[in-house]
Amino acid sequence: MTEAILLVGGKGTRLRPLTVHTPKPMVPAAGVPFLTHQLARARAAGVDHIVLATSYLAEVFEPHFGDGAQLGLHIEYVTEDEPLGTGGALRNVASRLRSGPDEPVLVFNGDILTGLDIRRLVDTHGTTGADVSLHLTRVTDPRAYGLVPTDDTGRVLAFLEKPQTPEEIVTDQINAGAYVFRRSVIDTIPAGRPVSVERETFPGLLAAGAHLQGMVDSTYWLDLGTPAAFVRGSADLVMGRAPSPAVPGRCGDRLILPTARVAPDAKLTGGTVVGEGAFVAGGARVSGSTILPGAVIEPGAVITDSLIGTRARVGERSVLTGTVIGDGAFVGPDNELRSGARVWCDARIPGGALRFSSDQ
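Residues numbered from 1 in each chain as written. Predicted model: local features only at pLDDT ≥ 70, side-chain atom pairs only at ≥ 80, totals over all residues. Heavy atoms only, no water.

> Quick question: what am I supposed to make of the nonpolar core here?
The nonpolar side chains of a soluble globular protein tend to be buried with one another. Formed by 29 residues in total, the largest nonpolar core has its most connected members in Ile 5, Leu 90, Val 132, Leu 134, Phe 181, Phe 202 and Leu 212. Of all the elements in the fold, those that place two or more residues in this core are β1 (3–7), β4 (49–54), α3 (85–93), β6 (104–109), β8 (132–138), β11 (173–182), α5 (183–187) and α6 (197–207). In contact with Phe 181, not counting residues within four places along its chain, are Leu 90, Glu 103, Pro 104, Val 105, Val 107, His 125, Asp 131, Val 132, Ile 186, Val 197 and Phe 202. (Core = buried A, V, L, I, M, F, W, Y, C linked by side-chain atoms within 4.5 Å. Buried < 20%, exposed > 50% of the residue type's maximum accessible area, 1.4 Å probe, protein only. Helix = DSSP H or I, 4+ residues; strand = E, 2+ residues; numbered from the N terminus. Contact = heavy atoms within 4.5 Å.)

Right, here's the structure in full:
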């Protein structure tokens with residue numbers, strides 16, 4: 001197994017305002033663009049050729065990763081003029097693949113952080129003779145996901161999208177967003193139109209009698225589609241809970257990038273990241289949060305499970321919990337923002353303007 005496709009074309013609407021100026025896979029997690037972690041894990045599993053299927057803000061990827069040589073990879077880029085969905089994106093890049101018809105092609109979604117044993121998935125694909133093999137994971141509440149029941153041998157029986165009633169929940173196994181395709185299967189996906197592998201390709205293959213194999217791997221798995229999940233994923237990478245060879249430093253309670261400045265009496269905990277050129281002032285307390293490059297945290301601010309955008313500023317004594325501050329935004333002193341608050345890029349909140357509790 002030598003090549004893979006990474007699907008990185010989504011608009012990341014659930015992550016806005018983080019994705020206003022930056023495509024979701026390029027938002028920093030644990031100090032580097034999230035995509036770097038996926039590329040590094042693929043390389044560690046033996047992949048040497050990767051095709052990035054891009055669309056939204058496609059021009060951002062190649063200037064950063066180039067031909068992939070620094071990561072020990074050969075990276076190619078294919079851009080969709082119009083979004084084609086997961087299946088359409090695969091078909092759109094098929095001409096760049098080098099594999100023969102019966103050889104395996106690894107496929108990743110660009111927003112999943114996982115400890116998946118990639119080599120084991122590829123081995124399962126080969127030993128079972130499957131047309132497509134899927135990484136499955138188990139979750140306690142599967143209602144937001146596509147269910148994938150299997151038989152005793154792991155052979156997929158059905159695809160059940162987002163069950164609405166208890167009777168529809170026939171398994172806790174869900175589609176975890178990583179696959180191995182027989183190359184010839186990718187070539188059968190209709191070209192030039194949107195196609196969903198989850199809703200069209202996989203059910204169609206089952207109906208045609210193809211062999212789809214599920215492999216349950218219940219190591220670390222997290223969908224980074226929401227701001228809260230993205231912040232948590234970054235913290236888990238820093239603390240070593242999620243595996244990645246691309247974390248730029250030792251795992252621990254905090255990660256401070258080389259040109260960042262942190263006052264001696266500032267307190268950083270819970271997998272906090274302070275990005276290049278950022279500054280955390282005296283008396284500030286930051287836990288489980290990501291401070292992106294050039295951001296400023298003023299004295300006495302308290303930030304928990306939040307993401308502070310590039311060049312944003314948080315004023316003195318402001319308290320932020322579960323909050324996203326967009327690039328270039330300013331939160332004045334003595335504000336209080338609670339879980340779910342999103343401050344848009346370049347917005348300005350005056351001092352003492354927002355609170356969720358009494359000022360006494």
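> Would you take a moment to explain helix α7 (residues 227–239) for this structure?
Between its first and last C-alpha atoms α7 spans 18 Å; for 13 residues at 1.5 Å apiece the expected length is 18 Å, and the two agree. Burial of α7 is extensive: ten of the 13 residues sit out of reach of the surface. Along α7, the residues that are buried comprise Pro 227, Ala 229, Phe 230, Val 231, Gly 233, Ser 234, Ala 235, Asp 236, Leu 237 and Val 238. Two residues or fewer after α7 comes Gly 240, characterised by a positive phi angle close to 85 degrees. (Expected span 1.5 Å × (residues − 1).)

> What's the story with the environment of Gly 275 in this structure? I'm lost.
Within the secondary structure, Gly 275 is located in the loop between β17 (272–274) and β18 (279–280). With 35 residues separating them in the primary sequence, Gly 275 and Thr 310 have C-alpha atoms 8.8 Å apart.

> Whenever I open this one, empty space enclosed by the protein confuses me. Can you help?
Here the idea is plain: a probe the size of a water molecule rolls over the atoms and shows the empty space left. Considering all chains together, one arrives at two cavities of 30 Å³ or more under this definition. For the largest cavity, the full set of lining residues is His 37, Gln 38, Arg 41, Phe 108, Ile 112, Leu 113, Thr 114 and Ile 118. Those elements that place two or more of their residues in the lining of the largest cavity are α1 (34–44) and β7 (112–114). Put simply, the second largest cavity is a space of about 30 Å³. Surrounding the second largest cavity, Gln 38, Phe 108, Asn 109, Ile 112, Thr 114, Ala 176, Gly 177 and Ala 178 form its lining. Those elements giving two or more residues to the lining of the second largest cavity turn out to be β6, β7 and β11. (1 Å grid on protein atoms, 1.4 Å probe; cavity = no way out; pocket = protein on both sides within 12 Å on 5 of 7 lines; lining within 4 Å. Points joined across faces, edges and corners; volume = space filled by probe spheres on them.)

> Looking at this model, I keep getting lost on the sheet that holds β17. Mind explaining?
Neighbouring strands of a sheet are bound in pairs by backbone hydrogen bonds; such pairs are parallel or else antiparallel. Spatial ordering of the open sheet is given by β14-β17-β20-β23-β26-β29, a layout of six strands whose pairing is parallel. Each edge of the open sheet carries a strand with a single partner, namely β14 (254–256) and β29 (342–343). As judged from the two bridges shared by strand β20 (residues 290–291) and strand β23 (residues 307–308), these two strands associate in the parallel manner. What sits directly across from Ile 291, in β23, is Ile 308. Of the strands in this sheet, β14, β17, β20, β23, β26 (324–325) and β29 are in contact with α7, which crosses β17 at around 90 degrees. (Pairing = 2+ DSSP bridges. Axes fitted to C-alpha atoms, helices over the stretch in contact; angles between N-to-C directions.)

> Would you take a moment to explain the sheet that holds strand β19 (residues 285–287) for this structure?
Across the sheet, five strands lie side by side as β16-β19-β22-β25-β28; this open sheet has parallel pairing. If you trace the sheet from one side to the other, it starts and ends with β16 (267–269) and β28 (336–337), each paired once. Pairing of strand β22 (residues 302–304) with strand β25 (residues 319–321) involves three bridges; the strand directions are parallel. Across the sheet, Thr 304 pairs through a bridge with Thr 321, a residue of β25.

> Honestly, unusual backbone geometry in this entry has me stumped. Any pointers?
Excluding glycine, most residues fall at negative phi; most peptide bonds, likewise, are trans. Geometrically, the link from Arg 16 to Pro 17 is a cis peptide bond, its omega value of 15 degrees lying close to zero. Mapped onto the secondary structure, Pro 17 falls in the loop between β1 and β2 (28–29). Positive phi is not limited to glycine here, since Asp 334 has a value of about 60 degrees. Assignment of secondary structure puts Asp 334 in the loop between β27 (330–331) and β28. In this structure Asp 334 comes out as partly exposed when scored by relative accessible area, which is 31%. Positive phi, close to 65 degrees, is recorded for Asp 346, a residue that is not glycine. Relative to the assigned elements, Asp 346 resides in the loop between β29 and β30 (348–349). Overall, Asp 346 belongs to the exposed group, its relative accessible area being 53%.

> Looking at this structure, how should I read the packing of aromatic side chains?
Both the distance between ring centres and the angle between the ring planes are used here to describe each pair of aromatic rings. The full count for this structure, using the stated rule, is six aromatic pairs. Look at Phe 34 and Phe 230: their rings are 6.5 Å apart centre to centre, the planes differ by 65 degrees, and that puts the pair in the edge-to-face class. Of this pair, Phe 34 sits in helix α1 while Phe 230 sits in helix α7, and the two are 196 residues apart along the sequence. With relative accessibility at 1%, the residue Phe 230 sits in the buried group. Ring plane angle 25 degrees and centroid distance 5.2 Å describe the contact between Phe 159 and Phe 202, whose orientation is recorded as stacked. Placement of the pair is Phe 159 in the loop between β9 (146–147) and β10 (160–161) and Phe 202 in helix α6, with a sequence separation of 43 residues. On the basis of relative accessibility, which here comes to 0%, the residue Phe 202 falls in the buried class. Joined through ring pairs, the aromatic side chains of Phe 159, Tyr 179, Phe 181 and Phe 202 make up one cluster. Over the ring of Phe 279 we find Arg 261, and its NZ or CZ is 4.4 Å from the ring centre. (Phe/Tyr/Trp six-rings, centres within 6.5 Å; stacked < 30°, edge-to-face > 60°. Lys NZ or Arg CZ within 6 Å of the ring centre and 35° of its normal.)

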